[in-house]
Amino acid sequence: MCGRISLSLRVYIFVIMAFVMMPTAYAQQKDVERKRDDFDLGRATEILANMMRELEGGFVDEISADVLLQAAARGMLIASDPYTEYLSEESMEAFEMMTTGRYGGVGSLIRKKGDYVIFAQPYKGSPSDVAGIKIGDKILSIGGEDMRGATTADVSSRLRGEAKTDVEVVVERNIDSSIDTLTLRRQRITVPSVNYYGMLHSGIGYISHNDFIEGSYDEMRRAVEVLMQGDSLKGLVLDYRTN
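Presented here is an overview of the structure given in this document. (Residues numbered from 1 in each chain as written. Predicted model: local features only at pLDDT ≥ 70, side-chain atom pairs only at ≥ 80, totals over all residues. Heavy atoms only, no water.)

Topic: the overall build of the protein
Counting secondary structure elements, the protein contains 6 helices and 11 strands. Evaluated residue by residue, the protein yields a buried proportion of 25% over its 243 residues. Restricting to contacts in the protein with at least 6 residues of sequence separation, those with at least 24 account for 50%. Per element, the accessible surface of the protein, about 17,100 Å² overall, is 58% carbon and sulfur. (Helix = DSSP H or I, 4+ residues; strand = E, 2+ residues; numbered from the N terminus. Buried < 20%, exposed > 50% of the residue type's maximum accessible area, 1.4 Å probe, protein only. Contact = heavy atoms within 4.5 Å. Areas by Shrake-Rupley, 256 points an atom, 1.4 Å probe, with all protein chains shown as cover.)

Written as structure tokens, this is what we have:
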């Protein structure tokens with residue numbers, strides 16, 4: 001009887017010790033794997049740095065480290081899936097604008113007209129609106145640089161920038177062709193998803209929806225709620241032509 005009890009105790013003790021030691025063994029294994037991963041990462045980083053150093057010093061033409069690093073980043077993704085992409089700092093700004101509708105700038109749509117780009121729609125309360133810019137005002141220069149022949153992309157990149165920084169814009173007024181020099185302070189701009197809503201006639205409401213971005217649901221809901229006030233809404237036109 002005593003022998004059986006002793007055997008049972010030894011079994012219980014062994015089981016308890018196994019459970020106690022399992023987390024320690026697991027942690028030790030993970031630590032070994034982590035050190036191996038750190039070593040592999042360090043070795044790969046060193047190889048990349050050596051390659052960049054050799055190309056910068058020995059390539060026949062001048063090539064910047066930034067160009068090499070971006071090429072290496074894109075090359076890394078070849079080993080991943082087709083849906084993973086590398087976004088540069090410039091691309092990231094455009095991506096944020098596309099997904100959230102927010103960017104640093106003066107707050108206006110622009111379009112090409114003749115040799116120049118004009119302000120097409122200053123957003124209400126934006127720096128361009130506060131400065132008195134009107135639809136059709138022509139952009140002659142930005143920061144002292146002549147904008148004749150510039151594309152909308154060129155003008156947009158110069159008007160955008162970090163919030164709370166200034167940009168000097170010379171405009172020709174659409175109304176009387178007078179020339180004004182304006183200093184605009186860039187702000188964090190949120191492009192409205194719903195750029196207009198109102199009543200057309202006979203209880204028919206109208207909502208112009210520009211884009212599906214962050215906050216679109218709230219803007220659409222707010223527009224519908226306003227149109228429904230007074231119980232006069234009988235129908236609703238949703239305009240997605242510019243979406």
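Concerning helix 6 (residues 216–228)
Helix length check: helix 6 (13 residues) gives 18 Å between terminal C-alpha atoms against 18 Å at 1.5 Å per residue, within 8%. Within the sequence span of helix 6, burial applies to S216, E219, M220, A223 and L227. The buried residues of helix 6 occupy one face: seen down the axis, they fall within an arc of 95°. Positive phi shows up at G230, right after helix 6, with a value of about 90°. (Expected span 1.5 Å × (residues − 1). Arc of directions from axis to C-beta.)

Comments concerning the sheet that holds strand 11 (residues 235–239)
Reading across from one edge, 9-10-11 is the order of the 3 strands in this open sheet, with mixed pairing throughout. In the strand order of this sheet, the two ends are held by strand 9 (194–201) and strand 11, each with one partner. Neighbour to neighbour, the strand axes of the sheet diverge by 20° on average, direction disregarded. Here strand 9 runs beside strand 10 (residues 204–209); their pairing, made up of 6 bridges, is antiparallel. Looking across to strand 10, one finds that Y196 is bridged to S208. (Pairing = 2+ DSSP bridges. Axes fitted to C-alpha atoms, helices over the stretch in contact; angles between N-to-C directions.)

Points about the environment of V194
Along the chain, V194 turns up in strand 9. For V194 and Y217, which are 23 residues apart along the polypeptide, the C-alpha to C-alpha distance reads 9.6 Å. Beyond its immediate stretch of four places on either side in the chain, V194 contacts I207, S208, H209, E219, M220 and A223.

Some details on the side chain of D137
With respect to the helices, strands and loops of the structure, D137 is situated in the loop between helix 4 (127–130) and strand 4 (138–142). Within polar-contact distance, the side chain of D137 engages the side chain of R173 at 2.7 Å. When residues no more than four places from it in sequence are discounted, the contact partners of D137 are V117, I118, F119, G132, E172, R173 and N174. (Polar contact = N/O pair within 3.5 Å; in protein donor to acceptor, adjacent residues only side chain to side chain.)

Section: the environment of M228
Secondary-structure assignment places M228 in helix 6. Sequence-wise, M228 and G205 are 23 residues apart; in three dimensions their C-alpha atoms are separated by 8.7 Å.

Things to note about the nonpolar core
Within the largest apolar cluster, 15 residues are counted, with the highest numbers of intra-cluster contacts made by I139, I142, V155, L159, V169 and L184. When residues of this core are traced back to their parent elements, those giving at least two are strand 3 (116–122), strand 4, helix 5 (152–159), strand 6 (166–172) and strand 7 (179–185). Excluding residues within four positions of it along the chain, I139 makes contact with I110, Y116, V117, F119, M147, V155, L159, V169 and V170. If you look at the next biggest cluster of nonpolar residues, it comprises 5 residues, including V194, I207, A223 and L227. (Core = buried A, V, L, I, M, F, W, Y, C linked by side-chain atoms within 4.5 Å.)

Quick word on the pairing of strand 6
Regular strands have side chains that alternate between both faces of the sheet. Summarising the sheet, strand 4 and strand 6 pair through 4 bridges and their orientation is antiparallel. Residue S141 lies in a different strand from strand 6, and its bridge partner there is V170. Note: strand 6 against strand 7, 7 bridges, orientation antiparallel. Within the sheet, the bridge partner assigned to V169 lies in strand 7 and is L182. Between strand 6 and strand 7, which pair antiparallel in sequence order, lie 6 residues; one of them, S177, sits at a positive phi of approximately 65°.

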